[in-house]
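# Reading the structure
Next come the chains, spelled out residue by residue.
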Amino acid sequence: MSVAFAGNSITGSSREAGPLRVMIVDDSVVIRGLISRWVGAEHDMEVAASLRTGLEAVNQLERINPDVAVLDIEMPELDGISALPQLLAKKRDLVIIMASTLTRRNAEISFKALSLGAADYIPKPESTREASAADIFHHDLIQKIRHLGARLRRKPAVGSPPLAPASPAPAPRGPVARPVTPAPASAAPAASSLALRPFSNQAPKVLLIGSSTGGPQALMALVTELGPVIDRFPVLVTQHMPPTFTTILAEHLARSSRRPAAEAVDGEPVKPGRIYLAPGGKHMRVARSGADTVIALDDGPAVNFCKPAVDPLFTSAIDIWHGNILSVILTGMGSDGMRGGKDIVAAGGSVIAQDEASSVVWGMPGAAANAGICAAILPLNQIGAKVNRLFAGDRS
């Protein structure tokens, strides 16, 4: 692989073949050892370096030339949030996954990292001695490295620009969505070649949104455009995210939309005028309670390796709103939302999927698109306008 240097910036660093080179940066020798073993066991990735501080990562980046960096937040000498922009200044296509424990401070820092160009975040377990927590961390980290690293196999980006960065003003537009390149034609069918269904003739009475990797950035951009819908109809969102992180996300959604947004509470009525967000670690469903529709939180097992998961929300909504449902599946790994989307379509509702070029990972929306259940496959910056038109009575 040839690498061209322009000053201190690595510019020609996308890899066409070979394993993904992963740089692990964490001051915990236990965490570095775990991640190194996990990465080393995968056929399509290798450990490029295992470092203790952000300063080491910045100073050695050109020599190591990794594809993906797993970057701890709290480290001596130079912490993760300070190292992040320096790493991206040296190698702008470096995929950085922030790793942190589940504290409010670290959740807030992780959201800031997304606005500074981090590709994603992952919560570290409080103790790696707890087998189930370590297993989840292992599974999620390897999947994030693999899917986010797949960007490096793609051609140079074309198309829509990244989202605007977050603003301190009362209605920020949300964090930057890092530029994502479309996959080669051989990797997946083009959106224009995928079969689309007509939109339902039934007027939507609720908006359901599911998202995962890249979802926080996409959601904050989308809700800035949905004021007319939020004011008149309930909006329910499931984002794959752990506890504490969903608390912070709800606060960001409230600021971005200028509408009430909060983690849903078991038994609370579902009303227009607010955004209900599935809390981390619980599935969110809807149910009848007398004449009211209420939130029903479920502490059952993970669905599609996720908790909260999108499918339980989508499927439960059919008993309440039947075919009067519009669902949107945004960027994310896996296929969560596809089965629930099928049920919504069978009941007479409609599904919109985010397109591949604007998705961080085209897993969830791609699964829905390839299942033939979508009435539209749109770039993120066109979804809000389409949703508003549909709720205003346009069925085209």
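Now for a look at the structure at hand. Every residue gets a number counted from 1 within its own chain, in the order that chain's sequence is written. pLDDT decides what is reported in this predicted model: residues at 70 or higher carry local features, side-chain atom pairs at 80 or more are listed and counted, and totals for whole chains, interfaces and linings draw on all residues regardless. As a rule here, side-chain values cover all heavy atoms of the structure and leave hydrogens and water aside.

### Side note on the nonpolar core
Burial of nonpolar side chains together is a common tendency in soluble globular proteins. In this structure, Met23, Leu87, Leu207, Ile209, Ile352 and Val387 are the most contacted members of the largest nonpolar core, which totals 64 residues. A run of DSSP states H or I qualifies as a helix once it reaches four residues; a run of E qualifies as a strand once it reaches two. Both are numbered from the N-terminal end. If you tally residues by element for this core, the top one is helix α6 (residues 215-223), at six residues. Every residue pair with non-hydrogen atoms within 4.5 Å of one another is taken to be in contact. If we ignore the near neighbours within four places in the chain, the residues touching Leu87 are Met23, Ala57, Val58, Leu61, Leu71, Leu94 and Ile96. One finds Val206, Leu236, Ile329 and Val351 within the second-largest nonpolar core, a separate group that totals 31 residues. Nine residue types can take part in a nonpolar core, namely buried Ala, Val, Leu, Ile, Met, Phe, Trp, Tyr and Cys, and a core is a set of them joined through side-chain atoms within 4.5 Å. We call a residue buried when its accessible area falls under 20% of the maximum for its residue type, exposed when it is over 50%, and partly exposed in between, using a 1.4 Å probe and counting protein chains only.

### As for the sheet that holds strand β4 (residues 45-51)
Sheet strands pair via backbone hydrogen bonds, and the direction of the pair is either parallel or antiparallel. A pair of strands counts as paired when DSSP detects no fewer than two bridges linking them. Pairing in this open sheet of five strands is parallel, and the strands run β4-β3-β5-β6-β7 from one edge to the other. Each edge of the open sheet is held by one strand with a lone partner, namely β4 and β7 (120-123). Sheet twist, expressed as the average angle between the axes of neighbouring strands with direction ignored, equals 20 degrees. Across four bridges, the pairing between strand β3 (residues 20-25) and strand β5 (residues 68-72) is parallel. Think of each axis as a best-fit line through the C-alpha atoms, taken over the contacting stretch in the case of a helix, with angles from 0 to 180 degrees between the N-to-C directions.

### Concerning the side chain of Ser211
By secondary structure assignment, the location of Ser211 is in strand β8 (residues 206-211). Among the residues examined, Ser211 registers a relative accessible area of 0% and is labelled buried. Setting aside residues up to four positions removed in sequence, Ser211 forms contacts with Leu219, Thr238, Gln239, His240, Val310, Leu330, Thr331 and Met364.

### Section: helix α9 (residues 310-321)
What a helix is expected to span follows from its residue count: subtract one and scale by 1.5 Å. Along its twelve residues, α9 runs 17 Å from first to last C-alpha, staying within 8% of the 16 Å computed at 1.5 Å per residue. Among the twelve residues that make up α9, ten are buried, leaving the element largely enclosed by the rest of the structure. Where α9 ends, the next residue or the one after it, His322, has phi of about 55 degrees, a positive value.

### Considerations on the pattern of salt bridges
Put simply, a salt bridge is a Lys or Arg side-chain nitrogen that is within 4 Å of an Asp or Glu carboxyl oxygen. This structure, assessed with the given rule, holds 14 salt bridges. Between Asp72 and Lys124 there is a salt bridge, and its shortest N-O distance comes to 3.0 Å. Here Asp72, found in strand β5, pairs with Lys124, found in the loop between β7 and α5 (131-149); they are 52 residues apart in sequence, far enough to count as distant. For the salt bridge of Arg285 with Asp298, the shortest nitrogen-to-oxygen distance reads 2.3 Å.

### Looking at the packing of α6 against helix α8 (residues 245-257)
Where α6 meets α8, the closest approach of the two axes is 8 Å, and the angle between their N-to-C directions is 25 degrees. Relative to α8, α6 is oriented roughly parallel. Of the two elements, α6 crosses α8, and the hand of that crossing is right-handed. Seen from α6, the contacting residues are Pro216, Leu219, Met220 and Val223; seen from α8, they are Leu249, His252, Leu253, Ser256 and Ser257. The classification used treats Ala, Val, Leu, Ile, Met, Phe, Trp, Tyr, Cys and Pro as nonpolar, Asp, Glu, Lys and Arg as charged, and all other residues, Gly among them, as polar. A breakdown of the residues in the contact of α6 with α8 according to their chemical character gives six nonpolar, three polar and no charged. Here the angle decides the label: under 35 degrees means roughly parallel, over 145 means roughly antiparallel, 65 to 115 means roughly perpendicular, and every other value means oblique. Whether a crossing is left-handed or right-handed is set by the direction in which the near helix is turned from the far one by less than a right angle, anticlockwise for left-handed and clockwise for right-handed.

### Let's talk about the environment of Leu207
Within the fold, Leu207 resides in strand β8. Along the sequence, Leu207 and Val235 sit 28 residues apart, while their C-alpha atoms lie 4.8 Å from each other. Residue contacts for Leu207: discarding those within four places in its chain leaves Leu226, Val229, Pro234, Val235, Leu236, Leu326, Val328, Val387 and Phe391.

### A short note on the pairing of β8
The two faces of a sheet get side chains in turn, since along a regular strand they alternate between them. Counting buried positions along β8 gives six out of six residues, so the element sits mostly inside the fold. Of the two faces of β8, the one holding Val206, Leu208 and Gly210 and the one holding Leu207, Ile209 and Ser211 are both buried throughout. Examined bridge by bridge, β8 and strand β14 (residues 325-329) share five bridges and lie parallel to one another. Each residue of the ladder has a partner; that of Leu207, found in β14, is Leu326.

### Brief notes about the packing of aromatic side chains
Each aromatic pair joins two rings of Phe, Tyr and Trp (for Trp, the six-membered one) with centres within 6.5 Å, and gets the label stacked for planes under 30 degrees apart, edge-to-face for over 60, and tilted for any other angle. According to the stated counting rule, one finds three aromatic pairs in the structure shown. Centre to centre, the rings of Tyr121 and Phe245 are 5.0 Å apart; their planes meet at 20 degrees, and the pair counts as stacked. Residue Tyr121 is found in strand β7, and its partner Phe245 is found in helix α8; the two are separated by 124 residues along the sequence. Ring geometry for Phe233 against Phe391: centres 4.7 Å apart, planes inclined by 50 degrees, an arrangement best described as tilted. In this pair, Phe233 sits in the loop between α7 (227-232) and β9 (235-239) while Phe391 sits in helix α12 (residues 380-391), placing the two residues 158 residues apart along the sequence. Summarising the burial analysis for this pair, Phe233 and Phe391 share the class buried. One cation-aromatic arrangement involves Lys144 over Tyr121; the distance from NZ or CZ to the ring centre is 5.6 Å. Positioned above the aromatic ring of Tyr276 is the side chain of Arg274, whose terminal nitrogen or guanidinium carbon lies 5.3 Å from the ring centre. The rule for a charge over a ring is simple: NZ of Lys or CZ of Arg within 6 Å of the ring centre, and within 35 degrees of the ring normal.

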